[in-house]
Amino acid sequence: MRPRRFLAVLALLVAVALALPTFAAPLSDPVGDGVSVTTTNSTNAEYVRVTGDGELTLDLATSNPALSGAGVNAEAVTYIADAFRVRYDGDRFASVWLTTEADGIAFRARGARLGSRTDAIRLNPNGSVSVGVVVDTTTGTPPEDASFSVEARVAEAADVTDGTVASGGTGGSTGDGSAEETLMQVEHPSATSRTVTIENAVVGRPNTATMDRLVVDREGDGVVTLDELTVVGQSTLEMDVAVTEPDAAGSLPASASMRPVGAVSVAERRGTVDRATFRFAVDRAYLAATGIDPESLTVYRYDGSERSELDVEVVGRSGGDVFLEADTPGLSTFVVAAAAPSIRVEAAELQPATVAPDERTTVTATVTNDGRVAGERTVALMLDGDVVGERRVTLAPDESARVTFRVRAPRGTHDVRVGAADAGRLVVEGATPDGGATPVASNPAANVTETPPAASPEAADTPAVSTDEPVAEPAGGSLPATVAFVAGLLALLVLMALARRVRR
């Protein structure tokens, strides 16, 4: 090959190598028993690789050519969504969890942490789950290479003893000396529904079905989930469990001062359930995003004609997550609700009711919070239907405060209201002493002065909320990639120039 032609080919190869981004072949690593890890179609597959020793590793080094910029953010909590996926191709069910000894590294799937067997998620036959990675650099620098393991337990036929069944649930033997055991299966027709089938159950004995964290409500990265459903009923039961809109059960009683969070409908297909217990989980990200006090959460049952509040108990706390249980005498639609403030203007008055054109009247209103939790509200003063003044009031449960406005109005008769409360009619008589027009500003709001509430709630120190919830890694181009692209173009131009000289 001629030297010039060799140089031209070499320049072409350099151009292609520099101009094209670096691609990694999809990873597929078998864990065993039909469970495998894959990065095929994963959004952030470039963070995951397999070492020469066969270990799964997160490559967080700045030298990783597939990462943009300088890798993960410094002094931040970064969430790398959809880094890889865990798949189960067996014909039973598999419980899957992940472990790592690396500091500052955690895994999340289906909106929850996935760091131990107690956090395990359940995969159905031919099912898969997307796994994200949380990298916390607020307390230190994580290792550039973080090895991790995918642990799995696949259900066996022998697991159907003492009521533990492969598909997720607990029950018991028939108790009549027969060899038949209680069988339970939980199917997932969709992400928002479950179908529970129980056979050979002991009448009067509870059977618990695992709902695989059925998401009832979501706020940011936080979720409220139905984790378990325990039922007592006939020996053969089949139930449909589905997330529904809270208004499917109608509005909650106004006197309850509650706002709906989410709802679940449970209906029997076969058999009759005598009583049931719901176990909900509320993770710390949800509590942080909504500001809800977990003690204020409750559950209402709607049986088609009336709504009743169930007995709800906080049965556990773990790492900021809260677990609730609610007992019900039967199945129907259930609404998870949180206590809300109920702030209203009880009464309003003005004094004096008749003033001269250059005088002001005092409008006083009593504002009360009848709700179960503290809250705040903007109280509006209205003159002839127009808002001319506002006051922000914060009240604790069962607390009242007096809000006062000083009002000056044009000559004539005016209707005065504070919120929905009628303060009366204000009469402004005559003209100014010099016979001129009423001395008011063109903007009615300028004629109102506000004074603090006569009785205001004690101010509570409210610290800034700091969470360890992940912040999305910002997307964008990187300087090395841009330089490589420019270099590739330059090499291509050199190639074209050499080609022309060869022709000559």
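Here, every reference points to the structure presented above.
In this text, all values refer to a predicted model and were calculated from it rather than measured experimentally.

Visitor: Would you mind showing me how to read the overall build of the chain here?
Guide: Each helix and strand in the chain was counted, giving 3 helices and 34 strands. Expressed as a percentage of its 504 residues, the buried residues of the chain come to 42%. Considering only contacts within the chain whose residues lie at least 6 apart along the sequence, 69% involve residues at least 24 apart. Counting only carbon and sulfur atoms, one obtains 49% of the accessible surface of the chain, whose full area is about 25800 Å².

Visitor: Please explain the environment of Ala281 as it appears in this structure.
Guide: Following the sequence through the fold, Ala281 ends up in strand E19 (residues 273–282). Ala281 sits 54 residues away from Asp227 along the chain, and the two C-alpha atoms are 6.6 Å apart.

Visitor: Sorry if this is basic, but what is going on with the sheet that holds strand E9 (residues 121–123) here?
Guide: Whenever strands of a sheet pair, they do so through backbone hydrogen bonds, lying parallel or antiparallel. Within the open sheet, the 5 strands sit side by side as E3-E4-E11-E6-E9. Their pairing is antiparallel. What marks the edges here is a single partner per strand, and that holds for strand E3 (48–50) and E9. Ignoring which end each strand starts from, the neighbouring axes of this sheet average 35 degrees apart.

Visitor: Just to check I follow, could you spell out the sheet that holds strand E14 (residues 193–199) for this structure?
Guide: The antiparallel open sheet is built from 7 strands, whose spatial order is E13-E14-E17-E18-E24-E20-E21. A strand with exactly one partner marks an edge of an open sheet, and here the two such strands are strand E13 (183–190) and strand E21 (307–309). Along the sheet, successive strands turn relative to each other by an average axial angle of 25 degrees, direction set aside. Pairing of strand E17 (residues 237–244) with strand E18 (residues 258–270), which is carried by 7 bridges, proceeds in the antiparallel orientation.

Visitor: Can you walk me through the nonpolar core in this structure?
Guide: Across soluble globular proteins, nonpolar side chains show a tendency to be buried alongside one another. Core analysis: the biggest nonpolar cluster contains 37 residues, and Val196, Met211, Leu226, Val241 and Val266 have the highest contact counts within it. For this core, the element with the most residues is E19, which contributes 5 residues. What Val266 contacts, discounting residues up to four positions off in sequence, is Leu229, Met239, Asp240, Val241, Phe278, Leu331, Ser332 and Phe334. If you look at the next biggest cluster of nonpolar residues, it comprises 30 residues, including Tyr47, Ile105, Val133 and Val135.

Visitor: Would you explain the side chain of Ser42 in this entry?
Guide: Within the fold, Ser42 resides in the loop between strand E2 (35–38) and E3. The residues touching Ser42, leaving out its near neighbours within four places in the chain, are Asp82, Ala83, Phe84 and Arg85.

Visitor: How should I be thinking about the pattern of salt bridges in this particular structure?
Guide: Summed over the entire model, instances satisfying the criterion amount to 12 salt bridges. With its nearest N and O atoms 2.6 Å apart, the salt bridge here joins Asp89 to Arg87. Between Glu325 and Arg279 there is a salt bridge, with the nearest N and O atoms lying 3.3 Å from each other. Remark: Arg279 occurs in strand E19 and Glu325 occurs in strand E23 (residues 321–328); sequence separation between them is 46 residues.

Cut-offs applied
Residues numbered from 1 in each chain as written. Predicted model: local features only at pLDDT ≥ 70, side-chain atom pairs only at ≥ 80, totals over all residues. Heavy atoms only, no water. Helix = DSSP H or I, 4+ residues; strand = E, 2+ residues; numbered from the N terminus. Buried < 20%, exposed > 50% of the residue type's maximum accessible area, 1.4 Å probe, protein only. Contact = heavy atoms within 4.5 Å. Areas by Shrake-Rupley, 256 points an atom, 1.4 Å probe, with all protein chains shown as cover. Pairing = 2+ DSSP bridges. Axes fitted to C-alpha atoms, helices over the stretch in contact; angles between N-to-C directions. Core = buried A, V, L, I, M, F, W, Y, C linked by side-chain atoms within 4.5 Å. Salt bridge = Lys/Arg side-chain N within 4 Å of Asp/Glu carboxyl O.

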